Amino acid sequence: FSIACVMATLLLVNAASGARTVKPFQNGDRVAFIGDSITAWGAYAYVVSAFYQTRFPDRKIHWGYFGRSGATAEFWSREADPQDPHPEWANLEQVLAFRPTVATIMLGMNDSGYDNIWFLPEAQKGPALAEVKAKYEKNMDLLIARLQAAGVKRIILIISSPYDETQVTDTKPKPLIGKNAFMRDVFGDYLIRKSKE
């Protein structure tokens, strides 16, 4: 049920935003799913791959799952650092080693911040969100450019799945009102503009 709800929400957000129809994957495609913990959990990526495996069994499509908990556009866009003790966590090299012909990117949940941004006084929140927006766009531009330079023929940009703004926990005493709309409208506007380019 939850997977169906997420997929339905993604489709509704894309339909409402005027996003273009995505061309189906073809025989021989090597599809890399790039993202954060939402991608790491595998729900939407596995639903997509299962759909193709059951509906188009004659198409030989290779699937690569590259989700990292806590990942941001900056995480995926930066160059490998030879001094990094965990280079596999910090660069795009393993994605490129998969030799993708198609990449899907769903990022924004962590880029949009949590209590570090959304609990700020209103006078500080506006400038902080402007900085978040600029950083996200800069790093997404860089990530897309690196994928294109490596020969990825198609890049599919996905607006982040919805955030539950009503959620309150022991570690999060008040909801982050506005985060979902920011991802959908601000990051979403960038993704739609970029996809048209």
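Refer to the structure above for everything that follows.
Overview of the structure. (Residues numbered from 1 in each chain as written. Predicted model: local features only at pLDDT ≥ 70, side-chain atom pairs only at ≥ 80, totals over all residues. Heavy atoms only, no water.)

### Some points on the pairing of strand β1 (residues 30–35)
Looking along a regular strand, one sees side chains alternate from face to face of the sheet. Taken across its six residues, β1 has six buried, putting it largely inside the fold. Bridge count for β1 against strand β2 (residues 62–67) is six bridges, and the pairing is parallel. Within the sheet, the bridge partner assigned to G35 lies in β2 and is G67. Two strands pair when backbone bridges link them, and β1 and strand β3 (residues 102–106) are joined in this way by five bridges, in the parallel orientation. Directly across from A32, in β3, lies its bridge partner A103. (Buried < 20%, exposed > 50% of the residue type's maximum accessible area, 1.4 Å probe, protein only. Helix = DSSP H or I, 4+ residues; strand = E, 2+ residues; numbered from the N terminus. Pairing = 2+ DSSP bridges.)

### Some remarks on the packing of helix α7 (residues 122–149) against helix α8 (residues 179–196)
Packed helices, taken two at a time, are described by the angle between their axes plus the distance between the axes. Running from amino to carboxyl end, α7 crosses α8 at an angle of 35°, the nearest separation of the two axes being 11 Å. In this structure, α7 crosses over α8, and the sense of that crossing is right-handed. Counted together, L129, V132, K133, Y136, E137, M140, D141 and I144 of α7 and F182, V186, F187, Y190, L191, R193 and K194 of α8 form the full contact between these two elements. (Axes fitted to C-alpha atoms, helices over the stretch in contact; angles between N-to-C directions. Left-handed = near helix turned anticlockwise from the far one by under 90°. Contact = heavy atoms within 4.5 Å.)

### Describing the pattern of salt bridges
Scanning all chains against the criterion turns up nine salt bridges. Ionic pairing is found between K135 and E74, a salt bridge with its closest N-O pair at 3.2 Å. Of this pair, K135 sits in helix α7 while E74 sits in helix α4 (residues 73–77), and the two are 61 residues apart along the sequence. Put simply, K194 and E197 hold a salt bridge, and the shortest N to O gap is 3.3 Å. Judged by its relative accessible area of 19%, K194 falls in the buried class. E197 sits in the exposed class, given a relative accessible area of 71%. Put simply, K133, E137, D189 and R193 are held in one network by salt bridges that share partners. (Salt bridge = Lys/Arg side-chain N within 4 Å of Asp/Glu carboxyl O.)

### Digging into unusual backbone geometry
Positive phi values are uncommon outside glycine, yet R99 reaches one of about 60°. Among the residues examined, R99 registers a relative accessible area of 55% and is labelled exposed.

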